[in-house]
Each structure stands twice: as structure tokens, then as C-alpha cells.
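Analysis of the macromolecular model
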Amino acid sequence: DKKGQVLEEGITEAGAMCSWIAAGTSYTNHDLEMIPIYLFYSMFGFQRIMDFAWAAGDAQTRGFLIGATSGKTTLAGEGLQHQDGHSHLLASTIPNCISYDPTFSYELAIILQEGLRRMHDKQENIFYYITVMNENYQHPQMPKDCEKGILKGMYLFKEFNNKGKTKIQLLGCGTILREMIAAAEILSKEYNIDSDVWSVTSFNELRKEGMNIERKNLLNPGQKPEKSYVEKCLGKREGTIIAASDYIRTYADQIRPYISKSFYSFGTDGYGRSDGRKKLRRFFEVDKEHIVTYALSALAKDQLISSKYAEKAMKKYKIDKKKPMPTEL
């Protein structure tokens, strides 16, 4: 809007956050409704000024927090202090904070549109935390009928059906969704393994919905239990489930209680290195090569394929079995 304001606060996360809170509470303090959008390095938002983020929720601030250059591997050698692997978990502790980690532009557009509707049309006292990447890549056309799934937290992005005998479910979000898509292509072409690739826009929102359904079922023991959205999406789908994100494993692990099949989550636990994207993803074991290898190993553990495929993949991609967990390096 031409009448809007742009504030350049300088290097002061606390000052910028206070300006955002002031604008976000103007609707009640000054009877002037505003739409504040605060952009910051994701690590320097929730990590450094978490108490202000909690205060924003307590004051019923409305607005958008945009955590830019999010995750631990989206950067290109900008230093460990910039690498964020847990801001979504911090966001999950604030009851009225709605958080998303979208990958593609159409996902972001749907989320922003819904945020405006809820905060300004419906006058809900919530605020949004949305992480965005620092990487150039092509954005596909929006799949049909995915809007509701984007907002609920996950939707089926693409099916790889090569009529293979074995199938696997791949869940990815943010920049790591693209590694999942690349891994699905390798599994299809080289191993004749089909897959469903799911774009998970928010493990936090999936967790919230799952808890609500679980509580409702416990409070109504005599009624037919409802299924969580995660169960509705994955319950009738074939195959082991692999989830990965640019955040620590706990982020994806949040949906584990609502999954009855074999489930494996991967993430960026540890401090990492100040290095390029490819090396960082290999270090944290969330690159396409590790995803392919772990997928093959998981399928072998479930006795769906022979373990020799995973062993050969480890040799092909030079994956060292004796390498310590990234948290120990």
C-alpha cells in the first residue's frame, strides 16, 4: 500500500520486535487496524527474542513474522550463528502462534491470504510465523485442490507410479522437500520403487490437530473415534514413512503418535558447519543421497526389499557407517 510504512530498524532484533508488537496491537490500543510484517533472519527472531515473541502472543498481537534464510542448510557459508534448526519448535510453545515452513510460492500465497482472512476479516487474535528460504529454484504450478491441505499442514504433491512392487511415503518441508522430490526420482528410476511425495507445510499445525482429535476421542469413549488429518492422509497409503526437514528431528517427530506404520524422521541435529548447501546437507544427512539410502534401509528392515540395495547405495554414495552423529561433531 502506498500509505504503508517501512521501518529499517538496523541491527536491533529487540527494537524491531517491539515496533512489530506496537503495530500488531494498534487495533486495540489505538483503534487503528494495521498489518505488520516483520522480516528477519529466522535464527535471530525466535532464538534471540523469544521472550518478546511470547509477550506478543500474550498481548494478542496480530501480524506476520517472516523468518528468512531459515533452516540450517539453506545458506551458503554465512556462519553457524545464522543456522536455525529449532525456531518452529520455539514457535510451537506459543498457543496463538500459527507457523508454517512452505517450499513454493503458491503455498506462501495461500498461507498469507488465509492469515489476512483470519486476523482481519474474522478478527482472530493470532499471529503467523512463516519461514522462507535463501535459495533460488523453480516453483511449479499449484496442484489441483491442494489449498485446504496447505493450510492443514500437508498435501500430496506428486505420485511416482512406475508400477513397482514396493512403495514408500516421503514427507518433506521447506528446502528439504526438494531433496525428497529428487530422492523419489532416483528411487523410481534406479530401484523401481514407487513413492508418494507429500509437502508438509507445518508439522506444528498437524500436531495441534492431532492433539485436538485425540482429546475429543478420549472425551467421547462411546462414539466411533475420529481420525486425525495425518491418519486420513497416510492411513490407506502403502509403505514405510520417511520424513525430513531443515530442522532438528523433533520437528517432524511431532506427528509420530498419529502414525501406525513404520516412521523415520531425519533432520539437522547438531551445530553443523559454515559451508555450502550441498556439503551441509550431506553433513546433516538430509541430502537426496542419504534419503535414498535410508529409504532403502528402512524398506529392508520392513522386509519389503533385500538389504543388499541399501548396502550398495552406501558404497555408491560413499556414506561412512562409522561417522558419528552430527550432534557429536
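The structure contained in this document is the topic of the report that follows. (Residues numbered from 1 in each chain as written. Predicted model: local features only at pLDDT ≥ 70, side-chain atom pairs only at ≥ 80, totals over all residues. Heavy atoms only, no water.)

**A look at helix α4 (residues 50-58)**
Every buried residue of α4 is listed here: A53, A56 and G57. Along the axis of α4, the buried positions cluster into a sector of 95°, meaning they face one direction only. In α4, those exposed residues whose orientation departs by more than 90 degrees from the buried face are D51 and D58. Looking at the buried side of α4, the elements it contacts are α1 (13-24) and β4 (127-131). Q60 lies just past α4 and shows a positive phi near 60°. (Buried < 20%, exposed > 50% of the residue type's maximum accessible area, 1.4 Å probe, protein only. Helix = DSSP H or I, 4+ residues; strand = E, 2+ residues; numbered from the N terminus. Arc of directions from axis to C-beta. Contact = heavy atoms within 4.5 Å.)

**Structural notes on the pattern of salt bridges**
For the structure on display, the rule yields 18 salt bridges. A salt bridge links R117 to E114, with the shortest nitrogen-to-oxygen separation between them at 2.8 Å. Separated by three residues within a single helix, R117 and E114 lie in helix α6 (residues 105-121), roughly one turn from each other. Of the residues examined, R117 reaches a relative accessible area of 35% and is grouped as partly exposed. A relative accessible area of 17% places E114 in the buried class. The salt bridge involving D196 is made with K167; its shortest N-O contact spans 3.1 Å. Of this pair, D196 sits in strand β7 (residues 193-200) while K167 sits in strand β6 (residues 166-172); the two residues are 29 residues apart in sequence, bridging distant segments of the chain. (Salt bridge = Lys/Arg side-chain N within 4 Å of Asp/Glu carboxyl O.)

**Details of the packing of aromatic side chains**
Applying the stated criterion across every chain yields a total of 15 aromatic pairs. Aromatic side chains F104 and Y106 sit 6.0 Å apart centroid to centroid with 25° between the ring planes, which places their arrangement in the stacked category. Judged by centre distance (6.3 Å) and plane angle (80°), the ring pair of F104 and Y137 falls under edge-to-face. Residue F104 is found in the loop between β3 (97-100) and α6, and its partner Y137 is found in the loop between β4 and α7 (147-152); the two are separated by 33 residues along the sequence. For the pair F104 and Y137, one class covers both residues: buried. Here a set of aromatic residues connected by ring pairs shows up, and it is made of F104, Y106, Y137, Y155 and F157. Over the ring of F44 we find R48, and its NZ or CZ is 4.0 Å from the ring centre. (Phe/Tyr/Trp six-rings, centres within 6.5 Å; stacked < 30°, edge-to-face > 60°. Lys NZ or Arg CZ within 6 Å of the ring centre and 35° of its normal.)

**Topic: the pairing of strand β2 (residues 63-68)**
The buried fraction of β2 amounts to six of the six residues, a majority that puts the element mostly inside the structure. Judged by which residues are buried, β2 turns out to be covered on both faces: G63, L65 and G67 on one side and F64, I66 and A68 on the other are all buried. Bridge analysis of strand β1 (residues 37-41) against β2 gives five bridges, and the strand direction is parallel. Directly across from Y38, in β2, lies its bridge partner L65. Pairing between β2 and β4: five bridges, direction parallel. The residue bridging F64 from the neighbouring strand is Y128, located in β4. (Pairing = 2+ DSSP bridges.)

**A short note on a nonpolar patch on the surface**
On the surface, a cluster of nonpolar side chains totalling about 380 Å² of accessible area is made up of I35, I37, L39 and L116. Position of L116 relative to the elements: it lies in helix α6. Residue class for L116 comes out partly exposed when judged on its relative accessible area of 35%. (Patch = residues over 30% accessible without salt bridge, like charges linked within 9 Å, V, L, I, M, F, W, Y side chains within 5 Å. Areas by Shrake-Rupley, 256 points an atom, 1.4 Å probe, with all protein chains shown as cover.)

**Section: the side chain of D101**
Inspection of the secondary structure assignment puts D101 in the loop between β3 and α6. Within the buried core, D101 has no salt-bridge partner, and the shortest N-O distance to an opposite charge, that of R281, equals 10 Å. Among all residues touching D101, those that are not within four sequence positions of it are S70, H88, T131, M133, C173, G174, V200, T201, Y247 and Y251. (Lys, Arg positive; Asp, Glu negative; His and termini not counted.)

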